[in-house]
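A closer look at the structure
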Amino acid sequence: MLESPASTYHPVVAFELPPIPFSDFVSQLAVLSPEPLLDTTTVALFAHYEALRRWNRSLALIGPGTAAEILSRHYGESLAALALIPEKGGEGLDLGSGAGFPGFPLAAARRGLRITLVEARQKKARFLLAAARAAALPLRCLDVKVSPPLPAGLPDSPVVLTVRALKLSPALLREFSERMAPEGQILIWTGSQTPTPAPGWAVGRQISLAGSDRRRIVELIRAT
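A brief report on the enclosed structure follows. Being a predicted model, the structure only gives us computed values, none of them experimental.

What follows deals with the nonpolar core. Across soluble globular proteins, nonpolar side chains show a tendency to be buried alongside one another. Ranked by internal contacts, the top residues of the largest apolar core, which has 51 residues, are Phe25, Leu52, Tyr75, Phe104 and Ile217. Elements that contribute at least two residues to this core include exactly helix H1 (22-32), helix H2 (39-59), helix H3 (70-79), helix H4 (103-109), strand E3 (113-118), helix H5 (122-135) and strand E7 (185-190). Counting residues per element, this core draws most heavily on H2, which supplies eight residues. Not counting residues up to four positions away in its chain, the partners in contact with Phe25 are Ile20, Thr42, Leu45, Phe46, Tyr49, Leu71 and Tyr75.

Quick look at the sheet that holds strand E8 (residues 201-208) now. Strand pairing in a sheet takes place through backbone hydrogen bonds and is either antiparallel or parallel in direction. The strand order across the open sheet built from seven strands is E4-E3-E2-E5-E7-E9-E8, with neighbouring strands paired in mixed fashion. At either end of the open sheet lies a strand with only one pairing partner, and these are strand E4 (140-142) and E8. The sheet shows a mean angle of 20° between the axes of neighbouring strands, direction not considered. As paired strands, strand E2 (residues 90-95) and E3 are joined by six bridges and run parallel to one another. From the neighbouring strand, Asp94 faces E3, where its bridge partner is Leu117. Where H3 meets the sheet, its contacts fall on strand E5 (160-164), E7 and strand E9 (216-222), and the angle it forms with E5 comes to roughly 155°.

The buried fraction of E2 amounts to five of the six residues, a majority that puts the element mostly inside the structure. Assessed by its sense of winding, the connection that carries the chain from E2 through H4 to E3 is right-handed. Where E2 and E5 come together, four bridges link them in parallel fashion. By the bridge assignment for E5, Gly92 is matched with Val160.

A few words on the packing of H1 against H2. Where H1 contacts H2, the axes come no closer than 10 Å and their chain directions differ by 120°. By crossing handedness, the relation of H1 to H2 is classed as right-handed. Contacts between H1 and H2 pair Phe22, Phe25, Val26 and Leu29 from the former with Thr42, Val43, Leu45, Phe46 and Tyr49 from the latter. Of the residues contributing to the contact of H1 with H2, the split by class is eight nonpolar, one polar and no charged.

Attention now moves to the environment of Ile20. With respect to the element layout, Ile20 can be found in the loop between strand E1 (2-3) and H1. When its relative accessible area of 13% is taken as the criterion, Ile20 is described as buried. Separated by 51 residues in sequence, Ile20 and Leu71 place their C-alpha atoms 10.0 Å apart. Ile20 has contacts with Phe25, Phe46, Tyr49 and Leu71, leaving out every residue within four places of it along the chain.

As a further point, take the packing of aromatic side chains. Overall, the coordinates contain seven aromatic pairs when judged by the stated rule. Pairing Tyr49 with Tyr75 gives two aromatic rings, centres 6.3 Å apart and planes at 70°, and the pair type is edge-to-face. Of this pair, Tyr49 sits in helix H2 while Tyr75 sits in helix H3, and the two are 26 residues apart along the sequence. The burial state of Tyr49 is the same as that of Tyr75; both residues are buried. Every member of this aromatic cluster is reached through a ring pair, and the members are Phe22, Phe25, Phe46, Tyr49, Tyr75 and Phe101.

About the thresholds
- Along each chain, residue indices are assigned from 1 in the same order as the chain's sequence is written.
- Reporting in this predicted model follows two pLDDT cut-offs: at least 70 for local features of residues, and 80 or more for side-chain atom pairs to be given and counted; totals over whole chains, interfaces and linings ignore these cut-offs and use all residues.
- Heavy atoms from the whole structure form the basis of all side-chain values; hydrogens and water molecules are not counted.
- Nonpolar cores were defined as sets of buried Ala, Val, Leu, Ile, Met, Phe, Trp, Tyr and Cys residues, with membership established by side-chain atoms within 4.5 Å.
- Only protein chains enter the area calculation, which uses a 1.4 Å probe; residues under 20% of their type maximum are buried, those over 50% are exposed, and those in between are partly exposed.
- The secondary structure listing takes helices from DSSP runs of H or I that are at least 4 residues long and strands from runs of E that are at least 2 residues long, numbered from the N terminus.
- Note on definitions: a residue-residue contact is assigned when non-hydrogen atoms from the two residues lie within 4.5 Å.
- Between any two strands, at least two bridges found by DSSP are needed for them to pair.
- Helix axes are fitted to C-alpha atoms over the stretch in contact, other axes to C-alpha atoms as well, and angles between N-to-C directions run from 0 to 180 degrees.
- Handedness rule for crossovers: strands pointing away from the viewer, path from the first strand over the helix to the second running clockwise, crossover right-handed.
- Helix crossings fall into two classes, left-handed where the near helix is turned counterclockwise from the far one by less than a right angle and right-handed where it is turned clockwise.
- Residues are grouped as follows: nonpolar covers Ala, Val, Leu, Ile, Met, Phe, Trp, Tyr, Cys and Pro; charged covers Asp, Glu, Lys and Arg; every other residue, Gly included, is treated as polar.
- Classification of ring pairs uses Phe, Tyr and Trp, with its six-membered ring standing for Trp, and accepts pairs whose centres are within 6.5 Å; under 30 degrees between planes counts as stacked, over 60 as edge-to-face, and the remaining range as tilted.

What follows is the structure, given as structure tokens:
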């Protein structure tokens, strides 16, 4: 099953995210991104942020604890994965998308990836659909719970699987590993604990995330 890494549940409170002028939004993303971003990418991400501001007033997609660093903590940590994802086409899959991270930033920057967002909570799935329309991004959004055996509707051979702020059980990681394309990569946003790859897979590259001595992105690839 999909599991939260936290052992204690902390309810998220709905509140108003701060307005950010478009010029400031663009300039900050330019600093945070490991590569230059196209105008189409920043326009799409700003539309996502504006949708996030509207929905967060009632749905609490982003908690107050990370509001002051929303660009660096959410957009920046999502865009950091661009250093691991080459320009390529194919299916992408983002599990536990929530407010849209990392799926939205990666879809905006890697237009060749046809990313499917998976979110089990219906209200958040509705937000993702609305934000995808506002950002004019061809994202698929699935409102399904993911557990072995995998539900229908998921891409058959994704080239990229992303997981942030969730923990995959060994059984579920094994199921997804078997489904990945031969050149596929699984990217996991994690802390100090390194994920254990499924049989036939190995730990690849790792990226430390700015502002933390623990948070990082770990790549899993097929063993050679």
